[in-house]
Structure formats: structure tokens, C-alpha cells
Amino acid sequence: MSTLSVSNITDGTDTVETGYVVNGSAKAWVNMNGTGTIAIRDSLNVASLTDNGTGDYQINISSAMSSSNYYVGESGALNTTTEIRHYDTLTRTTTAVQIQCRDNNGNDFYDTAYAGVSIHGDLA
Amino acid sequence: MSHLWERLLEAKSRLAPVQSKYRVLFENPAEPDAPAAVLVPDPNWMAAALEGNILPPIDTYLRDRDVPDGQPKEHPYAEPIGAMTEEEAIEYLIQKDIPPQVWRDYQGNRSVLKIVPVELIPSDRSFRNAWKINQTEMEMAA
């Protein structure tokens, strides 16, 4: 793999430091089906998924984060028309993050047909 | 040596994902009331494991568990290992992503970990939070 070493990226009009691009990129992400036979549709830097129970999943990362102070973004939908509004991020280590999917009131757990998780921060 | 994340990124662009035919059922003895958990291998990770020269040795992950937050870890820059079979890759994942009290320390007489074909995991999740590992030889694993 060849390496391009530059400080800035420009389109001729706007210029941005490459540090913003590197730091702003997701270091891990996953798109999964949390219903039926649980499966991962696509991902980056994910080793496995742990199905802990209804609406309760753990994302296991392959290349660890430097600390557990990273950002976790989640989105999900019960089906193609119904959105899950409430996520909790629970156990969080440099190699795993546990998420729980609940209804709008934060009460009942739901398996999520279309769940996405992205992790931003510094790699170890 | 390139960073593990860079190797995974390059592998994702080159290798077709591999959906594993296995799942790992486990019960954590530290949480006796919790339902059985199911470990699902990632297809891109499995492709990297089968390809070889991408993933670090498993013992680097085990040593990194004791490294405090913010301190340098060993596994991102460790020399990658060669190609694994799918069965070896599952054993690797068990050690990496399942707590040691399940696969190493447990001394009870219940089965708390089973590697099963994906067809033996029920697709009906109506009673998901009641799943336990079947302790007898029956058709379904949970």
C-alpha cells in the first residue's frame, strides 16, 4: 500500500487539513439485521457481533480504539417505515460497545431490522 | 509494519465477505439470570481470517486486555498470522470476544459454550430472553 503524505487537501477553492479528514472518519461501523437469524450486512473494523437478547447487541471491534472515550452513533428501524428512536450505549471498552434499542419512551426493547452503529475517535 | 486498521481497510476493498456457517452460543457464569448470548462472526473479518497475513496473533489481544486506556497496545502493529480455517477462526474469535470466565475459567458441569451450525439457532425470537443452552442433544441448540 502506498502512502500519500500531505498536510492539506484542496479542490482549488476550499482547503482542509488532512487531520480533520483522518479524525473525522469513522474508525468502525456496522450495518446489521437484528431480527430473525442475526446477521451483519456490511462493516468496517468489526470482528463480531454478540446478540445478548431482545434489542441488546454488542459490537466487537477488531483494531482497538485508544481509549473508551470515543463517540458512538446509532440509528435503527424496526422495518422500512418505523424508526427506533431511543438507543442506550452501555458497556464500552476499547474493543467493544454494547447498545440497546428501545421504543420512543425508552421502555420496551425491540429487535431492530436495520441497525447501524458508527464509532469515531482515535485508534490504539 | 502497517497498522491493523489499514490492513483491514485494504482487505475489505479486495476480499469478498464470507458469511460463516457457525455461531457460538454461550452463557456467562457471572450472569446466571441472563439469556444465552450468540456470537455472530463478521463476514469481512472472516474473509480476512481465511486470507491470512492480516490479523494479529490472538495472544496480543489477550495481553492488551491488561493495558490501561490511553496506553499503547500491542496488537495493531503485531506481525500478522497466516491463513486460518473457518474452525480456527471461530476459536480465535471465542478467545477474543467472549469473556475468559466462559471459555477458560469455568469449572462447572453445565455446557456454557457451544459452537453450532447457524441453522440450529432459532430464527423465531419471540422468547429470545428465555434462551438457554440446551443441555441435552436435541434438534435446536437454544
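The structure presented is a predicted model; accordingly, all values stated were derived computationally and were not measured.

A. Local environment of the overall build of chain A. Summing up its helical and strand segments, chain A has one helix and ten strands in all. The order of α-helices and β-strands along chain A, N terminus first, is β-β-α-β-β-β-β-β-β-β-β. Scored against the burial criterion, the 124 residues of chain A give a buried share of 35%. Put simply, of all contacts in chain A between residues at least 6 apart along the chain, 52% involve residues at least 24 apart.

B. Here's a closer look at the packing of helix α1 (residues 4–14) of chain B against helix α2 (residues 43–51) of chain B. Residues and elements named next belong to chain B. For the pair α1 and α2, interaxial distance at closest approach is 10 Å and the crossing angle is 95 degrees. In terms of orientation, α1 and α2 fall into the roughly perpendicular class. On the side of α1, the interface is formed by Leu 8, Ala 11 and Lys 12, while α2 contributes Asn 44, Ala 47, Ala 48 and Glu 51. Residues belonging to the contact of α1 with α2 are distributed by class as follows: four nonpolar, one polar and two charged.

C. Main features of the sheet that holds strand β7 (residues 71–77) of chain A. Residue and element names in this part refer to chain A. Pairing within the open sheet is antiparallel, and its four strands lie in the order β4-β3-β10-β7. The open sheet is flanked by β4 (39–44) and β7, the only strands paired with a single partner. The mean inter-strand angle of the sheet, taken between neighbouring strand axes irrespective of direction, is 10 degrees. As paired elements, β7 and strand β10 (residues 114–120) share seven bridges and run antiparallel to each other. Each bridged residue has a counterpart across the sheet, and for Tyr 71 the counterpart in β10 is His 120.

What counts and how
Residues numbered from 1 in each chain as written. Chains lettered and ligands numbered in written order. Predicted model: local features only at pLDDT ≥ 70, side-chain atom pairs only at ≥ 80, totals over all residues. Helix = DSSP H or I, 4+ residues; strand = E, 2+ residues; numbered from the N terminus. Buried ≥ 20, exposed ≤ 12 C-beta atoms within 10 Å, placed from the backbone. Contact = placed C-beta atoms within 7 Å. Axes fitted to C-alpha atoms, helices over the stretch in contact; angles between N-to-C directions. Parallel < 35°, antiparallel > 145°, perpendicular 65-115°, else oblique. Nonpolar A, V, L, I, M, F, W, Y, C, P; charged D, E, K, R; others polar. Pairing = 2+ DSSP bridges.

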